[in-house]
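Chain by chain, the residues run as shown.
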Amino acid sequence: MTDAPLISLYQELILEHYRNPRNKGELAEHTAEAHVANPICGDQVTVWIRLDGDRIEEITFDGDGCAISQASVSMMTVLVKGRDRSEAIGLADLFTDMMHGSEEASSDRSLGDLRALQGVSKFPVRIRCALLAFDALRDVLGSGLEADPTGG
Ligand code: ZN
């Protein structure tokens, strides 16, 4: 069993990102954007990025929905900003594993604040809310690839 003080600490971190979202608002000079939705909960997320080569130079989002969806996308932008595409996809895979109950992924500190969402993996209907941020990230990185004629 997870101890109660840790759970409330995690809930506070989720609410803190929900109330004070990081990197929120349309990015004026973006190279790609993606919009994803979770109709079950009514969550909406749009992500904008500016790539410098393979590096995510800037990333912002806008959205609407439950605290889990909006906190996770805020945390995601903080985590992947400044990283290259393959690192960001690796983190998306790690987070997806954590949400599907992988203990190895849960104990990996590279997910930063997003580790606060691991408790959500116990509530199947809310997993979609948490994964929405990385669906958007995969989309926005994928759309950047399609725009590259050498991307194959
Ligand atoms: Zn939701």
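Rules used throughout
Residues numbered from 1 in each chain as written. Predicted model: local features only at pLDDT ≥ 70, side-chain atom pairs only at ≥ 80, totals over all residues. Heavy atoms only, no water. Helix = DSSP H or I, 4+ residues; strand = E, 2+ residues; numbered from the N terminus. Buried < 20%, exposed > 50% of the residue type's maximum accessible area, 1.4 Å probe, protein only. Contact = heavy atoms within 4.5 Å. Areas by Shrake-Rupley, 256 points an atom, 1.4 Å probe, with all protein chains shown as cover. Expected span 1.5 Å × (residues − 1).

A.B. asks: Before we go on, may I ask you to explain the overall build of the protein in this structure?
C.D. replies: Counting its regular elements, the protein contains five helices and three strands. Starting at the N terminus, the α and β elements of the protein follow one another as α-β-β-β-α-α-α-α. A burial count over the protein gives 41% of its 152 residues as buried. Nonlocal contacts in the protein, meaning residues at least 24 apart in sequence, comprise 56% of its contacts between residues at least 6 apart. Accessible surface, the protein as shown: approximately 7900 Å² in total, 51% of it carbon and sulfur.

A.B. asks: What exactly am I supposed to notice about unusual backbone geometry here?
C.D. replies: Leave glycine aside and you will find that most residues have negative phi; peptide bonds, for their part, are mostly trans. Positive phi outside glycine occurs at asparagine 23, with the angle close to 55°. Relative to the assigned elements, asparagine 23 resides in the loop between helix H1 (4-19) and strand E1 (32-38).

A.B. asks: What is the right way to look at helix H3 (residues 85-99) in this model?
C.D. replies: The α-helix winds at 3.6 residues per turn, so residues separated by three or four positions along the chain end up facing the same way. Between its terminal C-alpha atoms H3 stretches 21 Å, which fits the 21 Å expected from 15 residues at 1.5 Å a residue. Backbone geometry just after H3 places glycine 101 at a positive phi near 90°.

A.B. asks: Looking at this structure, I do not really get the environment of histidine 100. What am I missing?
C.D. replies: With respect to the element layout, histidine 100 can be found in the loop between H3 and helix H4 (103-106). For the pair histidine 100 and serine 121, spaced 21 residues apart in the sequence, the C-alpha separation amounts to 6.2 Å. Beyond its immediate stretch of four places on either side in the chain, histidine 100 contacts Ile127 and Leu131.

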